[in-house]
Amino acid sequence: MTLKRLPAFPQDIPSANAPDRVSADGLENKWGQSWEEQSTYAFERDAERESIFSIDTPPPTVSGSLHVGHVFSYTHTDVVARYKRMSGSAVFYPMGWDDNGLPTERRVQNYFGVRCDPSLPYDPDFVPPHVGGEGKSIKASDQLPISRKNFIELCQRLTAEDEQQFESLWRYLGLSVDWKYTYQTIGERARKVAQAAFLNNLERGEAYQAEAPGLWDVTFQTAVAQAELEAREYPGHYHALAFETKNGDSVVIETTRPELLPACVALIAHPDDERYQHLFGTTVTSPGFNVEVPVLAHSAAEMDKGAGIAMCCTFGDITDVQWWRELNLPMRSVLRKDGRLIAETPEWITDESGRALYAECAAKTTFSARKVIVEALISTGQMLGEPKPTQRMTNFFEKGDKPLEIVTSRQWYIRNGGREYTRASSSTDLREELIARGQDLEFHPDFMRVRYENWVKGLNTDWLVSRQRFFGVPLPLWYRITEAGDVDYSQVLAPSLDMLPVDPTVDCPPNFSEEQRDIPGGFTAELDIMDTWATSSLTPELATGWLEDEELFSKLFPMSVRPQGQDIIRTWLFSTVVRSHLEFNSLPWKHATISGWILDPDRKKMSKSKGNVVTPMGLLEKHGSDAVRYWAASARLGTDAAFDEAQMKVGRRLAIKLLNASKFALTMDADEKKILLDPNLVTTPIDKAVLAKLGTVVKQATDAFEVFDHTRALEVTESFFWQFTDDYLELVKERAYNREGLWSIEEANSARAALALVVNTVVRLLAPFLPYSAEEVWSWYREGSIHVSSWPIVDEFISVAGDSSLLEVAAGALIALRKIKSEAKVSPKTPILSAILEVPEGSAKHLELLRQDLEKAAVVTGTLEFTETACESITMQSSTLGEPPAKKRK
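The rules we used
- Residues numbered from 1 in each chain as written.
- Predicted model: local features only at pLDDT ≥ 70, side-chain atom pairs only at ≥ 80, totals over all residues.
- Heavy atoms only, no water.
- Salt bridge = Lys/Arg side-chain N within 4 Å of Asp/Glu carboxyl O.
- Helix = DSSP H or I, 4+ residues; strand = E, 2+ residues; numbered from the N terminus.
- Buried < 20%, exposed > 50% of the residue type's maximum accessible area, 1.4 Å probe, protein only.
- Axes fitted to C-alpha atoms, helices over the stretch in contact; angles between N-to-C directions.
- Parallel < 35°, antiparallel > 145°, perpendicular 65-115°, else oblique.
- Left-handed = near helix turned anticlockwise from the far one by under 90°.
- Contact = heavy atoms within 4.5 Å.
- Nonpolar A, V, L, I, M, F, W, Y, C, P; charged D, E, K, R; others polar.
- Pairing = 2+ DSSP bridges.
- Core = buried A, V, L, I, M, F, W, Y, C linked by side-chain atoms within 4.5 Å.

Peer 1: What exactly am I supposed to notice about the pattern of salt bridges here?
Peer 2: One side chain can pair with another of opposite charge once the charged atoms of both are near each other. Using the criterion set out here, one finds 47 salt bridges in the structure. Residue Arg370 pairs with Glu259 through a salt bridge whose shortest N-O separation is 2.9 Å. You can see Arg370 sitting in helix α8 (residues 366–380) and its partner Glu259 sitting in the loop between β10 (250–255) and β11 (264–269), a full 111 residues away along the chain. Residue Arg370 is classed as partly exposed on the basis of its relative accessible area, which comes to 24%. A relative accessible area of 0% means that Glu259 is categorised as buried.

Following this line, the structure appears as structure tokens:
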């Protein structure tokens, strides 16, 4: 089913009502208001599924301001949306706001000068001590502690303000979003969808809790998932520490983490390392703490790294976790969640001097504990030589600024193929199923697929979805408390779906009352919230009305396309595929379009964290939205692009040229004072040639859009448009005017009709890129909006199209005739008294067909001859110029 669109050629169109002076200024407000009043971009809900094009729009993170990178990537989506709408699709183009998670919390802390303390009671009359705007951050020590509910209210208040600013900018840019379809990733509907999906995962065995070592950010006091890691160089020092064997020999290891020495559970070397094979199966004593630990073999040990033998502590890095699991080693954790060592001396340290040393380290930061231990080992001679500086790659939380630690805690996970798992409904391992999903998904550009596959193949853990934060979707769970008063985490209490959304800290589980909260025999709430990706991974379900509007959902899901950035393939794209696969056994969309990055002048990625971003509103006001959109659309999907205001200036020039050329072409009124849009009026060869070339451009642009290559569609259209204005229009304008009656009415009308037909087509081809200028032109001679008109098709004028090569020949001749004037530095109106053009063989007969157009366009008042040779292009053989026209006095 193709939806009805405005016809390409209405029967009667009066003369264009163009302004005396065209301008690209002010079009954003003029047409933005009109589109809103006319509901131009409203989704046609009664459309059949096969005619719908649905977009899983990226919900921007509402934590401050948008930057030019957002404008770049969202423009890529919008040009496709506009093309699809004009092609007859019912475009479902919603907008979401990603307003939960750490970015919002940090912004609220700085903006209002507060921090969350869940132990405090709610204050309904609370007024924040500070309201941002002065550009200052509030130090953590100066932030006022407030209750969780008060903190969440401030988060909601600030995000609501940011959302209004974001929407205003998106509207000014010209995004053709249907603003009736919006959602928040922390809104009530989002909480219901996220909690329902999690409970479904739990019921099917795809969600589970585990007490296990995991990555932990000591600053934000939260667990961190594998997808949120960022490897950075971090300075450190290698310390050579001597363990002692039973016979008094030393075994020297090198470590950058001497503060974890009290957590050492073994020394590990490679089984093929002859230096240590005699030690395997024996024990050694740790320096300083005098704890006996085994020497073991494991293939993950690196013989060429440091001393080739390493201490395994619980836990210093991911390799420690691997050794601990595979060698069945004891758990001897000494690191707390705040990044300090535990206060009580561990029971496994039994030596008196060892316990004394630990007492000096107790409750200290890792830095301070390291200093104590290193000084002690230097004094005993158990540290050899001076520490050696090194740079090592260390895992950071992508939003953090301290290296991650590994601590043991109870967390919730969703299966994602990181560990072996086969669903009850399948006989294939989940990882293999997800790899297959990636192969079925159509990536644009296709080379982005390998990033997805590499990520899935490299997973080593399931998806950690619980977070120890405040502003997010609560995990909808409670736990039984035994009669002895202990929380029994194995007895999970879950709400029914009709109770959702719930806040376990406020709501009660089924068959329990508030009086039973936190008492023996009662229940306690799960305090953790979901990872922000656990909600964002459900944007297709949120946008399409899952659990709320099943009729809409059945029409829209799976969706048509997910547009997004390349850096979140491993997070947003993959997690969305996981959720859809587990819930619906399908992909969430058919296509994924991946934008590149915006680079600063130093060729570095623009990002807020690097402080090199450019805010877009000033650019939009300076150059105009169409110009900025042109710059964005000039970059191909998957390709990084430099921030370039020069390109925006080119875009503005194109927009203004579209206005001026269109006004000229549409005011070439025939005697009956109406615009000629009848292809049958085009009779002369050169006019037929321009339509033939236009037909090729229409096909090329359409084919490009169909494979999401918006840049190619812009390139071919823009190239033709400049040829049209620089060559064809200049060539035929005298015939279109026909002031002196040198041409017949039929010949003049042929030029007028061709000019009008080209503009009527090109303005639609450029409408996705330059929506404001295109709408302005359209309004001069057509009813309704160009953005719901029909996309051009070749059939509109193919019946009268001629030989497009004639256009190239004509352009070559015109360029050669202009060149002699430009080289002589005289006015273009200077007459040519005689000229002999050297032209390729077979070209003379074509040039004769347009001799009169050429002579008038180039002001040839004398003889014009064409000499055929074996040349490849047209050149001037000889010429004589007349006197330039006298300059008019002002």
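Peer 1: Where do I start with the packing of helix α22 (residues 805–824) against helix α24 (residues 851–858) in this structure?
Peer 2: How two helices sit against one another is set out by the angle between their axes and by the gap between those axes. At a minimum axis separation of 10 Å, α22 and α24 run at an interaxial angle of 25 degrees. Classed by the angle they form, the pair α22 and α24 counts as roughly parallel. In the packing of α22 onto α24, the handedness of the crossing is right-handed. In this structure, α22 contributes Ala810, Ala813, Leu814, Leu817 and Lys821 to the contact, and α24 contributes Leu854, Ala857 and Ala858. Residue composition of the contact of α22 with α24, by class: seven nonpolar, no polar and one charged.

Peer 1: Is there a simple way to explain unusual backbone geometry in this structure?
Peer 2: Glycine aside, negative phi is the norm for most residues, and most peptide bonds take the trans geometry. Look at the link from Leu500 to Pro501: it is a cis peptide, with omega at 0 degrees. The linkage connecting Phe557 with the following residue, Pro558, adopts the cis geometry, with an omega of -5 degrees. Note on placement: Pro558 falls in the loop between α13 (550–556) and β24 (559–565). Its identity is not glycine, yet Asn290 carries a phi of approximately 55 degrees, on the positive side. With respect to the element layout, Asn290 can be found in the loop between β12 (283–285) and β13 (292–297). With a relative accessible area of 31%, Asn290 lands in the partly exposed category. Residues other than glycine seldom take positive phi values, yet Asn585 does so here, at roughly 55 degrees. By secondary structure assignment, the location of Asn585 is in the loop between α14 (569–584) and β25 (589–595). The class of Asn585 is partly exposed, set by a relative accessible area of 45%.

Peer 1: Whenever I open this one, the environment of Gly32 confuses me. Can you help?
Peer 2: Structurally, Gly32 is set in helix α1 (residues 27–38). Distance in space between the C-alpha atoms of Gly32 and Gly69 is 22 Å, their sequence separation being 37 residues.

Peer 1: Any chance you could explain helix α21 (residues 771–779) here in plain terms?
Peer 2: Each α-helix winds once per 3.6 residues, and so residues spaced three or four apart point in a common direction. With eight of nine residues buried, α21 lies mostly within the body of the structure. By the burial criterion, the buried members of α21 are Pro771, Tyr772, Ser773, Ala774, Glu775, Glu776, Val777 and Trp778. In this structure, the buried side of α21 is in contact with α1, α2 (68–86), α4 (148–173), α16 (625–633), α17 (645–666) and α20 (745–766).

Peer 1: Quick question: what am I supposed to make of the pairing of β11 here?
Peer 2: On a regular strand, each side chain points to the face opposite its neighbour's, so the side chains alternate between the two faces of the sheet. Most of β11 sits out of view: six of its six residues are buried. In the sheet, β11 pairs with strand β14 (residues 309–313) via five bridges, with the strands oriented antiparallel. Residue Ile268 lies in a different strand from β14, and its bridge partner there is Ala310. Sheet analysis places β11 next to β13, joined by three bridges and oriented parallel. Bridge pairing links Leu267 to Val295 in β13.

Peer 1: Is there a simple way to think about the environment of Ala16 in this case?
Peer 2: As for its placement among the helices and strands, Ala16 is situated in the segment before α1. Take Ala16: its relative accessible area is 14%, and that puts it in the buried class. Sequence separation of Ala16 and Leu666 is 650 residues, and the distance between their C-alpha atoms is 5.9 Å. Beyond its immediate sequence surroundings of up to four residues, Ala16 is in contact with Leu666, Thr667, Ile675, Trp780 and Tyr781.

Peer 1: Please clarify how the packing of α2 against α16 should be interpreted in this entry.
Peer 2: Where α2 contacts α16, the axes come no closer than 8 Å and their chain directions differ by 85 degrees. Taken as axis vectors, α2 and α16 run roughly perpendicular relative to one another. Within the contact between the two elements, α2 uses Val68, Val71, Phe72, Thr75, His76, Asp78, Val79 and Arg82 and α16 uses Val628, Arg629, Trp631, Ala632 and Ala633. Among the residues making up the contact of α2 with α16, the classes are represented as eight nonpolar, two polar and three charged.

Peer 1: Teacher, can you tell me more about the nonpolar core here?
Peer 2: Nonpolar side chains tend to gather and get buried jointly when the protein is soluble and globular. If you look at the biggest cluster of nonpolar residues, it comprises 126 residues, and the most contacted ones within it are Trp170, Ile686, Phe724, Leu755 and Tyr781. When near neighbours in sequence (up to four residues on either side) are disregarded, Ile686 contacts Tyr728, Leu731, Val732, Arg735, Leu806, Leu807, Ala810, Leu850 and Asp853. Counting 79 residues, the second largest nonpolar core, distinct from the first, contains Cys508, Leu552, Met559 and Leu587.

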